[in-house]
Each structure stands twice: as C-alpha cells, then as structure tokens.
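# A closer look at the structure
Residues per chain are reported as follows:
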Amino acid sequence: MTSLFKSSPYRRRRDDLEAGGSRSTDFDFADADSSGTFDIPSTKNASIDRLRRWRQAALVLNASRRFRYTLDLKKEEEKQQILRKIRAHAQAIRAAYLFKEAGNRVNGTVNSPIPPPPGGDFGISQDQLSTITRDRNYHVLEENGGVKGVAGALKSNTEKGIYGDDADLLKRKNVFGSNTYPQKKGRSFWMFLWEAWQDLTLIILMVAAVASLVLGIKTEGIKEGWYDGASIAFAVILVIVVTAISDYKQSLQFQNLNEEKRNIHLEVIRGGRRIEVSIYDIVVGDVIPLNIGDQVHKNSKEPFLMSGCKVADGSGTMLVTGVGINTEWGLLMASISEDTGEETPLQVRLNGVATFIGIVGLTVALLVLIVLLVRYFTGHTKDFEGNRQFTAGKTKASTAIDGAIKILTVAVTIVVVAVPEGLPLAVTLTHFHDSLAYSMRKMMMDKALVRRLSACETMGSATTICSDKTGTLTLNQMTIVEAYSGGQKIDPPDSKSQLPPILYSLLIEGIAQNTTGSVFVPEGGGDLEISGSPTEKAILGWAVKLGMDFDAIRSESSIIHVFPFNSEKKKGGVALQLPDSQVHIHWKGAAEIVLASCTEYIDARGNFMPLDPVKVSFFRNAIEDMAASSLRCVAIAYRTYDIDKVPADEQQKTQWALPEDDLVLLAIVGIKDPCRPGVRDAVRLCQNAGVKVRMVTGDNPQTAKAIALECGILSSAEDAVEPYVIEGRVFRNYSDAEREKIAEKILVMGRSSPNDKLLLVQTLKRRGHVVAVTGDGTNDAPALHEADIGLSMGIQGTEVAKESSDIIILDDNFASVVKVVRWGRSVYANIQKFIQFQLTVNVAALVINVVAAISSGDVPLNAVQLLWVNLIMDTLGALALATEPPTDHLMHRHPVGRREPLITNIMWRNLLIQAAYQISVLLVLNFRGKSLLGLEHETPQRANKVKNTLIFNAFVLCQIFNEFNARKPDELNVFKGITKNHLFIAIVGITLVLQVIIIEFVGKFTTTVRLNWKQWLISAVIAFISWPLAAVGKLIPVPQTPLHKFFTGMFRRSVRSPSDH
C-alpha cells in the first residue's frame, strides 16, 4: 500500500501504544497471592501461569469439553513464538534490504525499472505492484511516476479515487483479487461428537452396557436379554449426541461473533465522494483517507503502509495497491489460526464449585459402590421374591458378574449426575445462547458487540462508569449557533455581510485547508455532501453557508505541513504556501487555549488590532457564556510566516513544529450538541442501581458542567463546584494520596487529557471500584485497556480504541451502555438460577440413592433414569435458565461484588427447602410406597416397578416445576415475564412430552411401567406442592452474612476458645 502522508513532529511518549501503554502494575487482581486457585477476579490481564494453575486443580471428567472455550495455553505460547520469529525475520529482511540499498549507492547502480506490463485493462499488473510494495522499492516507484503514476496506471485518482460502479469493482476484483484471505475451516460436527465421547464416566458406562448386553443375551436369550445393556447404551448415545449438537451450535455462534469483530467499516473516496464500506469491499486502486487510530502503518522514510497495523499519528491519504493474500497481513493471517478462547472470572469460580461438588459426588458414589458390593456378595441383597441374589458357591459366575456390573453402573451414573460438567459450561451457554444465540441478535439489537466474554460478565459488577461527553451523552449532531468575529458577535452566525473581505478570505482559507473533512458537490446538482467528524462537519457547514467554495479555496494554496488535532494540545494546525510565496499558518482548537496564543484580532473594518485586556476579557466572557449554555467553543486563528524559515528538506519538514504564538484571532464559534433523548433516565437508572456515572471530557469545564446538569450527573448547580467538578490538570497535579481521597467525589472532569482519564481509572481501581470506561480516540486506548471494562464507540471510535476495548457500543449511545450493565447482571443472575436448580437435583438424587442403597441394597433411580435426569439438568436446564432475558428488577439491586459468594444465602434457603421436600417425600414413597399407593395386591415385582416408576416420574416432574422456582430466586411471582421467554416454555414442554413418552411407551428401556391416571395425578401433585412451598420459603428471612463466613467464624471461635481458658 502506498500513502500520501503528513505526519506530526509531536510524538506521544508516556502513552505510546506500541510501547505497551501504561498498564497499572500496583493493583493487579489477577496475580494477587492472597487469592485462591479458583479466585481470579479479573482474567483480563491474568498471567499464563495463573490460568494454568486453576486448570490443574479442577476435577475434570472430559477435559476437551470442559476447557473448550478457555484460552488454549499451549497454542497461546506457540503463537507468541511465531510472532517473535516473524519480527526477527522482518528485521533481518529489512537489514538485508538496507545493506543492498547502501551497496547500490556506493557502486552507483540503480534498480532496473519494472518490465512493461502485459496487456489488459490496467497499466500495471499485480506482480509488479507486489514487487514495489513487498521490497519497499522507492526507486522503482519513482521510475513509474511515483504514487500518482501508479494511481494513473490503476485508473485511479489520488484526489477523487476510482469510479467505483459495480462493473469497475468487479473488474478490479477479477484482476487484483478481493480483500479476503483463506480461513481455516471450523471443526465439523463429527469432531464435537468425538470430544463428547471422551467423558470418562460415559466410557465406563458404555463398557458396562456392552458387558450387560453380552451377559443378558447369554443368560436370558436374545429376545429378552438385550434390553438392559441396549437401554444404557442408547441413553449414553443420546447424552453424547445432545451434548455434541449443543456444543456445535455454540461453535457456529463463536464463528459469527469473530466475523462480526473482523468486519471493520471505513471511509473510501470513490468518484470524489467519501463513502463508508466494509473492509472486505476494498479494491486495488481505492483511495482511503487516514487519521490517527485507523488500521494500517506508516514508515516515516518511505511511502509504504503495511496492512493490519495502526496509524499512530498524522493524517493523509492511502492508495491501495494490494488486497487479501497479496498483502503481508493477508499472508500472515492465512497461516495463523485465530484462537478466540478465553476464560471469565465466573467460569474459573464455577470450575471451583464444580470441583468441590464433584469430589463430594465421587465420595458418595464410591461409598454406594462399596456398600452395594458388600451387601450383594454377603447375600444381603434380595430379589422381589425375597430370595438372595448371591449365594457363595451356588450362584453362577455370569450371574454374579452381571449383578456386579449393574451395581458399578449405578455408582458410575451417580458420578455422571454428581460431577456437574455443565456448570462451568453454563457461563458459555449463558454467553453464547443468551448473549450470542439471542444476544448476538438481541445484544446487537441493543447496539452492543461483545469482544471479550469476561467483559459482559464483569459489567454486571461495575460500580462506576467514566463516560465521554461528546457523542455518548450527547447526540454528536453539531451545528454552529453562535459566532464571534471581527471583534463582535455575528447575528445570525452565518451572516457574511458582517465580515470584512480580508477577514472572510482568511477565515474561509483556514476552514477549507485546516480540516480532515470534505465537501462533495454532485455533478448533476443536488445537496452538498459534507463528511468528516461532527465538529468538522459543523464548521464546514457554517463556512458553506457563508459562501465557501471548498474545492476552489483548496486549489488556491498548497499544504506544506500538517499538525493533526491532538487531544493533549487540544488544537490542530496547517502551514500553507500561497501562489505569491506567502506562508500562512492556520490553527483551530479549544477556544480558551487558542485565544491564549493570540496577540491580535481583525476588527469589523478589516484592520489588524492588538488584543488588549479589554478585548481579551470580552472574548473570554463570550466563551464562558457559550460554555454555560452547553456549547462547545472552538477558536480559529492564523499567522504569517517567513518562507525562508520553512525547512527545505523533506525529512526536516516532517519534524518541523508549527509556530503557535503571535496568532491573529479570526473567529470563535459556539457549537450546539444537544443531549441524547433518554440519557437523563439512563443516568438515573444507573444511580438507582448503585452505579456512579462520571463525565470525563476534553471540553471546557463550563460546557461539561452544563451538560452534566442537563443529563442528571450533577443534581443541582450547588454541586457544580470542586471537587465534584474538576479540571484535568488540577487532578493530575495532586499526589497519589490526594487523588485517592478526591476521586470518589469527582462527577465531572473537564479539559482532561487521555492520561488524566487513565489516572482516574487507576485511582478508582485502587479504591476497590469495578470501573467501566468509554472512549473513542487512539489516546483513550491506555484507559480502555486499564479499565475493568473498556467500552469503545462504534461510530466515532478509531480502530485502535476498538481493539483496546472489551465491548463496542455500536450507536455511541450512553443508554446502550446501561443496557450492557443489565445484560451483565442478567448473565450473573442466570448462572445463579442454574446453580440453584442443579444443586437441588444433585442433593436430592444423591441422598435418595445413597439412603436407599445403604438401607435396602437397591436404588429407586437406575442408570438410564439418572442419565435422563442428567440430560434435563445439564443441557436442557442450562439452556432454559440461561436464556432468561434481562429485566428492570436487576437494576434495582446493587452491583455484585468481585468476591461475593456465588451461592447466596437466598439460594441456600431455596435449594435446601426444595431438596429436603423432594428427599423426604420420595424416601417415604421408597419405603412405604407399596402400602400408600395400594399395591399390596400386586405381585412383588410389579409393585416394586410401579413404586420406582412413580418415584422416578415424581422426581422428574419436581425438577420441571422447580425450574419455574429457579427463574425468580427472590420474587414470589415465578411466572412474571415467562411469556417473553419462548425457549423456556418450549424446553419445559419438550421435557414433559419426553417424560410421558418414557413412562408410557419405552418402559422396556428405562425399566419403568405405565402409570394410571391416579398415579400421574399423585406425581403431579407432589411436584405442584413445590410452588407454594417455594413461595412460603421466600418469606423466611435470611442473614446478611454469607453462610460460609458464618461457619468460618464459628470454626475460628472454636479454635480460639481452648486457649482462652
């Protein structure tokens, strides 16, 4: 790629992005030694070693599935090695090129020109273009007419770009290729199926099923003997297939998210008009305007750009000479597969919970296995007729082995139910089915694109939001409503008659040349099209109303050097050479800063007058009055310069600092940018939710104060004083201790630099806040990176800002930021609902089977039934509860603390009540079911099967009814908003239908029998009671102190008490 580029002599030192920004090192949560293995409050900057430790500590039955959506640590290390090699190779090639170039200069040889191009529509071929750009061959570029010569050969124009109709674009794509690169195919469904097979418990169950099948056929014949083994095998296969389908769908959604993240939009010039296109639609010959933060890279000595890098400073235009795999970036991306894996703090904590539950489950399963085996082989296990199942010396070996296999199957199935593989995956489910399966639709509808999963989750814990003003709290639709020029107020502001000719001429010259915007005049007539940033568009629009002919004015002088607008200096400038060799230097920027550099102004008669104290006071008062009316104030000034002092050498010119003193003031304008509709309500919603909103802006403090009052960030004019409203330089000059003391009180920071924003973020984090930050500029990147959640702007944001952020707000609207908070809280709340539901099932199933096994040597819930329960719980349950949409109720709570327990006292109360109810009712049925159900007249075998079928049916129905309870852990009305969640209703309906089919039609496989309507009614009533029971339970108050702290405190007191006496 080739550029016509103007760079700035001013280079950022402290916030240099390539040097890694200024990441905080004194407050790194991720590597805090005090935290446990599964306690990583922030994975954003966590070390590889820290992430490896929790993986090694987790109890895992299927590692490939459990860790699928976490960062592949091995691949990450390999990627870093590849990047180091690429850098080393690039440096070696560069050194060789420089050595060759130096040799050519010494020997007086020059590169031979490119051979004439083959025939075709264009005057240059792709191979020839690649030779110029790949070898950075400046001499060959010059021999081909420089950038303009290459542009001509490509039938393009450096000012107006390509023609750009469909036929032209198609022709260019056919000759030079399209801007895509071959991507590695995603994993097929069969790969996910294979991974689902890797679960250790399922492998054991399949082996047991095969053994049971063989022994069953041998002892009972093929007609009856295949049912037991085949039913277990079918249940295992069903679990595997459902798991694989679920995981495959998530994988496809991952790919969709990555496509969305890669689809960058940017401006190109086609037919003289600036239009926005997808990065995939760029073609060779396109001319692209570049600004700070755009995605490419410039070498200061050569006009070559490498795709994929960023503009660190400067502005200009770029001619596209290679796309797709014909660029270095495309070749690199085609060879490296992108690893999008990432763990979230909640995911790590859930692995800790799953590990603890799994250890308990394994212990219980081992206990059941030992008890059942001992009872069986000591002759204490009896069949339905009361006969011993095993008698030493009499029972056949095959019968004994079959009995032992059935016991092993039950124990292994308990492990399947007890070790909640689905629990850590619930985060993935929540994010990908809620935030992506719907959220990629619904969150995108809410104008938020999640780049990092952990950010969506962390956003629910945000305690403060540091928001930009322009475009986020305001509409970013700017118009000039007040103007001061010629030493007086111009009313109306676009009245040309009130401006003397010399002032008008200089003002229009400065506006037309000192801009990154443009004015397009359609050839066939019609409205003018003004492009650029909102501020640029407002000023250009004002100048057009004053009568400016944009193209004519720009052709009257040539640009010598540009100093792009800089957020540190709050101004930008340009040096022009006029036909008579005069040099004019124009500046534009923050009104009070430009005014401070002015020594003269032009009065209403066109005379140059000194800026005396009276006139300075007049202009300052005008600025304050406009700022108090929430107007953004911009000053335009100029000065002449001696052409002999302008550096003649191009290299010196790039380092030339434009003179910025002794300026002549031309105009001060007030730009109206109204508050967004609904922003006041959004701010109030945040404040009610315990999230403090702070405005951090580069604008005048008076303007910021007026907007903050309008938005509700400041409640009254009495609050609009220090320390609630502060200037960036004041905050910057405080000591660390003073900053920490005052940071809590700051609501508005005006005239802030990006470094001030970074300091505020670091200070608030040290105070224990979870900080969200919005930003759109390149210089915001360090603060976006440092914040717990970086939110970049999708419309005004630069690519540097977007890539440093965690979430992109697509409409730049603060109300969308609040929606992200709701989604974040919804993620956390939905995870807690799923945990409550799953733990209830775990506790009930384990206790029922353990008590029954120890007391009678038989279990009411067999292997196939438990696998069905596991399917309800792990996959369908997670899907149903993880897809609950966010509600306003979530915004009536305070943020969830980083270290608050996952299982709250409210959840403990709910799950213990439900588990105790299910255990007690089902155990009563297990031991007294025959008499209570009136089954005495049935045969013992039939009675036992009916009893166990009813226990299984009631247990499953209890889980279905309990899913409703889990929807609203702290609300009485569990049906509120249920009609909005169609998937929940569908899953409950499907589960119910499948349960009826299992009981009524496939009893041979599940060892169940058909139930009559009375028995179905009994099952339904048992399950229904869980609803009023849950409502009564919610009236029981719970202590504020988390349960684990209560027990920890008791333990510590008991440890201390002996020494006290």
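Residues numbered from 1 in each chain as written. Predicted model: local features only at pLDDT ≥ 70, side-chain atom pairs only at ≥ 80, totals over all residues. Heavy atoms only, no water.

With that settled, the discussion passes to the confidence of the model for the chain. In this model, the chain carries a mean pLDDT of 79, and residues with pLDDT of at least 70 account for 78%. Counting contacts from residues 110–119, a segment whose pLDDT is below 50, to residues more than four positions away or on other chains yields 19 contacts. Counted against residues more than four places away or in other chains, residues 423–438, with its pLDDT under 50, gives 73 contacts. (pLDDT = per-residue confidence, 0-100. Contact = heavy atoms within 4.5 Å.)

Now for the pattern of salt bridges. This model, assessed by the stated rule, comprises 24 salt bridges. Among the salt bridges present, the one from Lys 757 reaches Asp 468, with a minimum N-O distance of 2.8 Å. Taken as a pair, Lys 757 in helix H27 (residues 754–766) and Asp 468 in the loop between strand S7 (464–467) and strand S8 (479–485) lie far apart in primary sequence, 289 residues in all. Like Asp 468, Lys 757 is buried. Note that Asp 699 is salt-bridged to Lys 469, the shortest N-O span being 2.9 Å. A residue pair is termed long-range when its members are at least 10 positions apart, and Asp 699 in the loop between strand S19 (692–696) and helix H24 (701–711) and Lys 469 in the loop between S7 and S8 qualify at 230 residues. The exposure class assigned to Lys 469 is buried, which follows from its relative accessible area of 3%. Connected through shared salt-bridge partners, Asp 468, Lys 757 and Asp 780 make up one network. (Salt bridge = Lys/Arg side-chain N within 4 Å of Asp/Glu carboxyl O. Helix = DSSP H or I, 4+ residues; strand = E, 2+ residues; numbered from the N terminus. Buried < 20%, exposed > 50% of the residue type's maximum accessible area, 1.4 Å probe, protein only.)

Per the UniProt entry, the sites bearing "transmembrane region" (unreviewed entry) are residues 192–217, 229–248, 353–377, 982–1003 and 1015–1036 in this numbering. Secondary structure within residues 353–377 divides into 100% helix and 0% strand; the distance between the first and last C-alpha atoms comes to 36 Å. Strand forms 0% of residues 1015–1036 and helix 82%; the C-alpha atoms that close the span are 32 Å apart. (UniProt positions renumbered as here; feature names shortened; annotations may be inferred.)

So, on to the sheet that holds strand S24 (residues 807–809). Read across the open sheet, the eight strands follow the order S6-S24-S23-S22-S7-S19-S21-S20; overall the sheet is mixed. What marks the edges here is a single partner per strand, and that holds for strand S6 (448–450) and strand S20 (725–727). Sheet twist, expressed as the mean angle between neighbouring strand axes with direction ignored, is 20°. Of the pairings in the sheet, the one linking strand S23 (residues 789–793) to S24 comprises three bridges and is parallel in character. Directly across from Leu 791, in S24, lies its bridge partner Ile 807. In the packing of H24 onto the sheet, the strands contacted are S19, S20 and strand S21 (748–750), and the crossing angle to S21 comes to about 150°. (Pairing = 2+ DSSP bridges. Axes fitted to C-alpha atoms, helices over the stretch in contact; angles between N-to-C directions.)

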